[in-house]
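Below, each chain spelled out in residue letters.
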Amino acid sequence: MIPAAFEYVRAESAEEAVALLVEHGDDAKLIAGGHSLLPLMKLRLATPTVLVDIGRVPGLSYIEERGDEIAIGALARHHDLETSAVLKEQVPLLAATAHQVGDPQVRHRGTLGGTLAHGDPASDLPAAVLALGGTLVAQGPNGRREISALEFFRGFLETALGADEVLVEIRVPKAAGAGWSFQKFNRRAQDWAIVGVAAVVNGTTGIALVNMGSTPLRATAVEEAVRSGASVTDAAAAASQGTDPPSDVNASSEYRRHLATVLVRRALEEASS
Amino acid sequence: MVLVTVEVNGSSYQHEVEPRMLLVQYLRETLGLTGTNIGCDTSSCGACTVLLNGESVKSCTLLAVQADGAAIVTIEGLSGPDGALHPVQEAFHQHHALQCGYCTPGMVMAAVSLLAEEGELDERGVREGLEGNLCRCTGYHNIVRAVLACAGDRAPVGEVGAAGAAAS
Ligand SMILES: Cc1cc2nc3c(=O)[nH]c(=O)nc-3n(C[C@H](O)[C@H](O)[C@H](O)COP(=O)(O)OP(=O)(O)OC[C@H]3O[C@@H](n4cnc5c(N)ncnc54)[C@H](O)[C@@H]3O)c2cc1C
Ligand code: FES
Ligand code: FES
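If you're wondering where the values come from, they're calculated on a predicted model, not measured in any experiment.

Asks: Can you help me understand the sheet that holds strand E7 (residues 143–148) of chain A in this one?
Replies: Pairing between the strands of a sheet is mediated by backbone hydrogen bonds and can be parallel or antiparallel. Residue and element names in this part refer to chain A. Sheet architecture is open: 5 strands sit in the order E4-E5-E10-E6-E7, paired in antiparallel fashion. The sheet is open, and its two edges are formed by strand E4 (63–66) and E7, each paired on a single side. Taking the axes of each pair of neighbouring strands and ignoring which way they run, one obtains an average angle of 25 degrees across the sheet. Of the strand pairs in this sheet, E4 and strand E5 (residues 69–73) are connected by 4 bridges, and their pairing is antiparallel. Each bridged residue has a counterpart across the sheet, and for Arg66 the counterpart in E5 is Glu69.

Structure, rendered in structure tokens:
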């Protein structure tokens, strides 16, 4: 399957990418790793007429300590995350979640910025960034702005990014020594999560759900229950509150609700052990 | 059209390509390297796996223009100049790790990348490391045996492409 024809431009910097987005407007689309976009283009579900390649922009693949946070360039690939010594030590949840994405070939190409900007509720890393309460940095024509992960996911494949903005950085609080867990339930190796749960217990508890609605979701009812001293089982019982899970070939919405309860319980047990 | 310069199996190539040309098409149709197979064409089966700067990638999910400037190794580039099999190919041969052979080029390339990346590999590591590659024939057992045999005999495995001869 071959994508519909398009014009290809390679951006050498984030500024240039923004300028190209401004110049070409709605017809343009950024491509980073291409591992969400190209499959859609091959099926002609996406038909951008100008592809702006940011995959080569230098200096956007870093993973570094910055004060109380770890700062990650938007082009850091899943493989960079899963093998990063600083991430394994400071935010093991993120490194472990990256390891669960797809397969090695996918992880060699897919980027953290791409998976966040794509805004697919079935993706793994967005839930981890949401559970951690991360901050996303977008660059647009008027400079940079910060967006809380809690405000970033707006709807199915819809984020707070403007059409002329490039996601350049993701920051997450350091959580060395915090309890954490990533639970991914699927039926075959390499598959997407039918339901997934990212949890971090670090004084406060952050829990986010994969594939339980049109966006990645914080399990706020569970977090509140934990805060007020509920047992793990009682807290997990609130896992599907406020969710709207899809029904598809893999699972009914009812089954997903059940899975969420089971996986949140396992995540809380693992994170607090 | 966009000018693309790549190194494939140690040789340099330059072509004007349509931006929408997939890397697998470029390798098969422009360069005539048909060892890289297309299985699913939907990023799932791994039959089209090649090495891009030493790392396994699915060439059906990469544009040729994205590979501009990269060094690529396909199954044709693994063996030494004298035709000697690369240790992973040799292990697949010895352990009967193929039946119809359709998945084999991709499976071998994925295994080469995995062996180069992982310091230690046990059976679980091999199975998980090859999760991006499907085989409809073998039931995987002999593939896993072949890769484990290479993991036990590490030295030459990271060497690919032109250096393959050193491994024989
Ligand atoms: C076979 C296969 C299996 C997979 N399995 C999983 C899985 O199990 N779990 C999972 O979570 N994911 C999975 N994925 C998806 C994978 O993680 C993608 O790589 C990722 O979702 C997108 O990253 P990318 O860099 O490839 O983005 P691209 O495909 O390049 O881009 C995706 C979207 O984001 C936009 N974009 C990209 N970068 C930026 C940026 N910096 N700023 C603004 N917009 C940007 C693009 O315009 C596009 O709309 C799988 C993919 C494949 C092909
Ligand atoms: S043909 Fe590329 S993954 Fe199947
Ligand atoms: S040997 Fe036939 S698909 Fe693997």
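Moving on from the coordinates now.
Asks: Help me out: how do you make sense of the domain arrangement of chain A in this one?
Replies: The accessible area lost on association of the parts is a frequent measure of interface size. All names here are of chain A. Entries for chain A in the domain assignment read domain 1 (7–53), domain 2 (63–173) and domain 3 (179–272). Of note, the centres of domain 1 and domain 2, computed from C-alpha atoms alone, are 19 Å apart. Contact with domain 1, which involves 12 residues of that partner, is made by 14 residues of domain 2. Interface area, domain 1 with domain 2, both sides summed: about 1,000 Å², of which 73% is carbon and sulfur. Taken together, the connections running from domain 1 to domain 2 amount to 0 salt bridges. The residue inventory of the side of domain 1 that touches domain 2, partitioned by class, reads 8 nonpolar, 3 polar and 1 charged.

Asks: Got a minute to help me understand the sheet that holds strand E5 (residues 71–73) of chain B in this structure?
Replies: All names here are of chain B. The strand order across the open sheet formed by 5 strands is E2-E1-E5-E3-E4, and the pairing between neighbours is mixed. Looking at strand neighbours, the two that pair on one side only are strand E2 (11–17) and strand E4 (55–58), the edges of this open sheet. On average, each strand axis in the sheet is inclined to that of its neighbour by 40 degrees, with strand direction left out of account. In terms of strand pairing, strand E1 (residues 2–8) meets E2 through 7 bridges, oriented antiparallel. Each bridged residue has a counterpart across the sheet, and for Thr5 the counterpart in E2 is Gln14. Its contacts with the sheet place helix H1 (residues 23–30) against E1, E2, strand E3 (49–52) and E5, and it is angled at close to 110 degrees to E2. Helix H3 (residues 104–117) rests against E3, E4 and E5 of the sheet, and its axis sits at about 40 degrees to E3.

Asks: What should I look at first to understand the pattern of salt bridges in this one?
Replies: A side chain with one charge may pair with a side chain of the opposite charge, provided their charged atoms come close. Inspection of every chain in the model, using the stated rule, returns 23 salt bridges over all chains. One salt bridge connects Arg124 of chain B with Glu128 of chain B, and the closest N-O pair in it is separated by 3.1 Å. A residue pair is termed a helical-turn pair when its members lie 3 or 4 positions apart in one helix, as Arg124 of chain B and Glu128 of chain B do in helix H4 (residues 123–129) at 4 residues. You can call Arg124 of chain B exposed: its relative accessible area is 59%. The network of salt bridges with common partners includes Glu64, Arg66, Glu69, Glu146, Glu169 and Arg171 of chain A.

Here is what the cut-offs are and how they apply
- Residues numbered from 1 in each chain as written.
- Chains lettered and ligands numbered in written order.
- Predicted model: local features only at pLDDT ≥ 70, side-chain atom pairs only at ≥ 80, totals over all residues.
- Heavy atoms only, no water.
- Pairing = 2+ DSSP bridges.
- Helix = DSSP H or I, 4+ residues; strand = E, 2+ residues; numbered from the N terminus.
- Axes fitted to C-alpha atoms, helices over the stretch in contact; angles between N-to-C directions.
- Domains from an automatic or database assignment.
- Contact = heavy atoms within 4.5 Å.
- Buried area = accessible area lost by both parts, 1.4 Å probe.
- Salt bridge = Lys/Arg side-chain N within 4 Å of Asp/Glu carboxyl O.
- Nonpolar A, V, L, I, M, F, W, Y, C, P; charged D, E, K, R; others polar.
- Buried < 20%, exposed > 50% of the residue type's maximum accessible area, 1.4 Å probe, protein only.

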